[in-house]
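So you can see what is in the structure, the chains are spelled out below.
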Amino acid sequence: MKRKFNRSFILLFIPILLMAACKRDSFLEYLANKLETEDPFVKEARESFESEYSLTDINKLSSSANNKIGLVEKIKLTPAWQLSKNANTKVYNAIEVPIAKSKNRIALYNFDNIKSDKKSDKIRVQNSFNRLLFYKSRSGRKINLILTYIPDYDYLESNSGSYFRKNIQLKSIRTKRFSGYIEYKRLDGRKLFVFQLKNGKVEKRKVFLQDKQQLAESSNVSSVKNSVTAVKANIPKAIPSAKNILMAGIGEQECEECTPIYQQACLGDVEEGSEDEVCSDWVEIGEECFAVDCPPDGTDPYPPCYPDCEDPCDDPDQFYLCNPENPYPPENEIYDCNGDLFGTAYNGPCGCMGGNTGIYECPEDPCDEVKALNSKAFFNTFMSNLRTSTNANFEAAYSFKMDGSFNYAQGANGQHFVSMGVTNPIDGYIHNHFSGGIPNFSDGDIELLKVLYDNNKINNADVFTLGVTTNQGTEYLLKISNQNQFSSFMSNLNDAAYFNNWSDSYFNNAQNYQTINGMSEVNAYERSFLESIQGTGMQLFKKDFSNGNYDPIKVSNGAIIPDPC
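Here the structure is a predicted model, which is why all the values come from computation and not from measurement.

Reading guide: rules and limits
Residues numbered from 1 in each chain as written. Predicted model: local features only at pLDDT ≥ 70, side-chain atom pairs only at ≥ 80, totals over all residues. Heavy atoms only, no water. Helix = DSSP H or I, 4+ residues; strand = E, 2+ residues; numbered from the N terminus. Buried < 20%, exposed > 50% of the residue type's maximum accessible area, 1.4 Å probe, protein only. Contact = heavy atoms within 4.5 Å. Areas by Shrake-Rupley, 256 points an atom, 1.4 Å probe, with all protein chains shown as cover. Phe/Tyr/Trp six-rings, centres within 6.5 Å; stacked < 30°, edge-to-face > 60°. Axes fitted to C-alpha atoms, helices over the stretch in contact; angles between N-to-C directions. Nonpolar A, V, L, I, M, F, W, Y, C, P; charged D, E, K, R; others polar. Core = buried A, V, L, I, M, F, W, Y, C linked by side-chain atoms within 4.5 Å. Polar contact = N/O pair within 3.5 Å; in protein donor to acceptor, adjacent residues only side chain to side chain. Pairing = 2+ DSSP bridges. Salt bridge = Lys/Arg side-chain N within 4 Å of Asp/Glu carboxyl O. Disulfide = S-S within 2.5 Å.

Asks: Even after reading the chapter, I still don't get the overall build of the chain, so can you show me in this structure?
Replies: Within the chain, the regular secondary structure consists of 13 helices and 25 strands. For the chain, with 565 residues in total, the buried portion stands at 53%. In the chain, once contacts between residues fewer than 6 apart in sequence are set aside, the share between residues at least 24 apart is 65%. As displayed, the chain offers around 24500 Å² of accessible surface, 47% of which is attributable to carbon and sulfur atoms.

Quick look at the structure:
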């Protein structure tokens, strides 16, 4: 059996670069020969971070007379650039990067004053993590911030089998229904604000005040001293903080809010390809306390920037940060669901439709989708070209939209993969396997699908089609038939162990069906692939060359049978 390759894609941002490896050892060949390149936006982010970080006072932590920790020390920050994740919206260019710190410090926020114990607190701390967020505002300003994700204990309990920190980022908190807190800090350690989220929606926001001079500055903070930071509670009137209720009636005195702090020491570095740091155990080291204005009536805290400061979220450049549920600008520039300025696409019953989507009617099911695609002249031309190329010594691929626009890419001779840049969302990706490739979709093809899905390059999940035609004379289309199951499967693939087990099972079963059951290579891979996608929300269609149709199939008790939509 050919040696299994490691995860089979190089992902670059804006555009993303897809590399589909369709022979199990091809990815290793690629790594051995690839040039050292860096995505321009990642390079820009790295240079911006290094410039700002070198000018800060090495991340001095803000301290105050009321801060029971009150430590000022040097913190080493090391971003894992090779693990950068696309955090783009249709307006902003952004990435999130895992970042190692020589000393991790987690504030266990508890806005609702929920009773907890040391065990649940420790679990929350152990599942918290830091990210560097870099983005360019609409004015062109470059902004570097440290995000700390702090999940709620109940959220961790209810998602114990599916919580992976790799899956959580600003653009996914809504779909992952994240519950917990996200803390925003500058590189020098000054806190901006904290969001509380429940089921992916913002519940409350606490603002850590900055004076006007600090807010007016650029992203570089070298010229600003680390002044004492005051804190105000920005809580809806109907939901006052419990501590402020207790302090109500004492007039305009200064109240205090305290948060337990846990800390661990780390080497401040990460191994290449991993988010894991080498750290000590977490230890509770005290509380972080800040002064807040006591509300005069117990229900309405003073505005977050009373009397002589400004809310960071009043800064238009901070709009991306301050609207994690919907980070799109509210100005007169209106973008439709397809990302087109003043476009006419709309969210219909089957997703984004009309405008430039090429989708004007909702299909009844995947079978209708396949029939509609197979009726397109451009699709049949592309598949015919790919079919011919299976007799050559290279892979080729088309990405396309339903309006017939497309991109074409061709791999190098003898290499079982093809690289293609994808800038805008697409409706399909089809390719071929030449001699030596497998007669069905490879695990690399599924990883390609995941890259497209994770980076919002699938225009409409109901419409999207992944296709392959092979040197063995087989031709398949893969459709998304259940979006909930599909989303869960894509999330599971973030776990390297899960992906490897899934991949090993697919290939090992295909080999066993040939050597033990005496099945042909085509039938063995067909059966094994169908078994591997059961419960994943995907449906396989096989080309019938006698009539030109693509028929849905499934496996039942080891037999391949029709799978009517």
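Asks: Would you mind showing me how to read the packing of aromatic side chains here?
Replies: Applying the stated criterion across every chain yields a total of 30 aromatic pairs. Relative to Phe134, the ring of Phe41 lies with its centre 5.5 Å away and its plane at 50 degrees, an arrangement referred to as tilted. Of this pair, Phe41 sits in helix α2 (residues 40-55) while Phe134 sits in strand β6 (residues 129-136), placing them 93 residues apart in sequence. Taking 6.1 Å as the distance between ring centres and 70 degrees as the angle between the ring planes, the aromatic pair formed by Tyr109 and Phe111 counts as edge-to-face.

Asks: Teacher, can you tell me more about the packing of helix α10 (residues 443-454) against helix α12 (residues 496-515) here?
Replies: Any two packed helices are characterised by the angle at which their axes cross and by the distance between the axes. The N-to-C vectors of α10 and α12 enclose an angle of 145 degrees; their axes lie 10 Å apart at closest approach. Here Asp443, Ile446 and Glu447 of α10 lie close against α12, whose contacting residues are Phe499, Trp502, Ser503, Tyr506 and Phe507. Per-class residue counts for the contact of α10 with α12 are five nonpolar, one polar and two charged.

Asks: Can you walk me through the nonpolar core in this structure?
Replies: Most often, soluble globular proteins keep nonpolar side chains buried together rather than apart. Counting 39 residues, the largest nonpolar core has Tyr429, Phe441, Phe464, Leu466, Leu478, Phe529 and Leu540 as the members making the most contacts within it. Looking at this core element by element, the count peaks at five residues for α12. Among all residues touching Leu540, those that are not within four sequence positions of it are Phe441, Tyr476, Leu477, Leu478, Phe529, Leu530, Ile533, Asp551, Pro552 and Ile553. Phe129, Ile143, Leu145 and Phe193 belong to the second-largest nonpolar core, a separate cluster that totals 22 residues.

Asks: Could you clarify how one ought to interpret the side chain of Gln196 in this entry?
Replies: Here Gln196 shows up in strand β9 (residues 191-198). The class of Gln196 is buried, set by a relative accessible area of 1%. In terms of polar contacts, Gln196 uses its side chain to reach the side chain of Tyr181, at 3.2 Å. Among residues more than four places away in sequence, those in contact with Gln196 are Phe111, Asp112, Gly180, Tyr181, Lys201, Val202, Glu203 and Lys204.

Asks: Can you walk me through the environment of Leu478 in this structure?
Replies: For Leu478, the location among the structural elements is in strand β22 (residues 475-480). Apart from residues no more than four positions distant in its own chain, Leu478 is found in contact with Phe441, Ile446, Phe464, Thr465, Leu466, Phe529, Ile533, Met538, Gln539 and Leu540.

Asks: Even after reading the chapter, I still don't get the sheet that holds strand β20 (residues 428-433), so can you show me in this structure?
Replies: Across a sheet, paired strands are connected by hydrogen bonds in the backbone, their directions being either parallel or antiparallel. Strand order in this open sheet of eight strands is β18-β17-β20-β21-β22-β23-β24-β25, and the pairing throughout is mixed. Each of the sheet's edge strands pairs with one partner strand only, and the pair in question is β18 (406-410) and β25 (559-562). Averaged over all pairs of adjacent strands, the angle between strand axes in this sheet comes to 25 degrees, irrespective of strand direction. In the sheet, strand β17 (residues 396-400) pairs with β18 via five bridges, with the strands oriented antiparallel. Among the inter-strand pairings, Phe400 is bridged to a residue of β18, identified as Phe406. In this fold helix α13 (residues 521-532) packs onto β22, β23 (538-544), β24 (549-556) and β25, with an angle of close to 75 degrees to the strand it touches most, β24.

Asks: Help me out: how do you make sense of the pattern of salt bridges in this one?
Replies: Pairing of side chains with opposite charge becomes possible as their charged atoms draw close. What the rule picks out here adds up to 15 salt bridges. Taking the shortest distance from any N to any O, the salt bridge between Arg131 and Glu96 comes out at 2.9 Å. A residue pair is termed long-range when its members are at least 10 positions apart, and Arg131 in strand β6 and Glu96 in strand β4 (residues 93-101) qualify at 35 residues. Each of the two residues, Arg131 as well as Glu96, counts as buried. Asp112 is paired through a salt bridge with Lys204; the nearest N and O atoms lie 2.7 Å apart. Of this pair, Asp112 sits in the loop between β5 (103-107) and α3 (118-126) while Lys204 sits in strand β10 (residues 201-208), placing them 92 residues apart in sequence. Shared partners join several salt bridges into a network, and the residues in it are Glu44, Lys136 and Lys142.

Asks: Can you help me understand the state of the cysteines in this one?
Replies: Covalent bonding between the sulfur atoms of two cysteines is what defines a disulfide. One pass over the structure, following the stated rule, counts one disulfide. The residue that forms a disulfide with Cys266 is Cys279, at a sulfur-sulfur distance of 2.0 Å. Taking the sign of the S-S torsion, about 105 degrees here, the bridge from Cys266 to Cys279 comes out right-handed. With a gap of 13 residues between them, Cys266 in strand β12 (residues 254-270) and Cys279 in strand β13 (residues 277-279) connect regions that are remote in the sequence. Residue class for Cys266 comes out buried when judged on its relative accessible area of 11%. Cys279 gets classed as partly exposed once you look at its relative accessible area, which sits at 31%.

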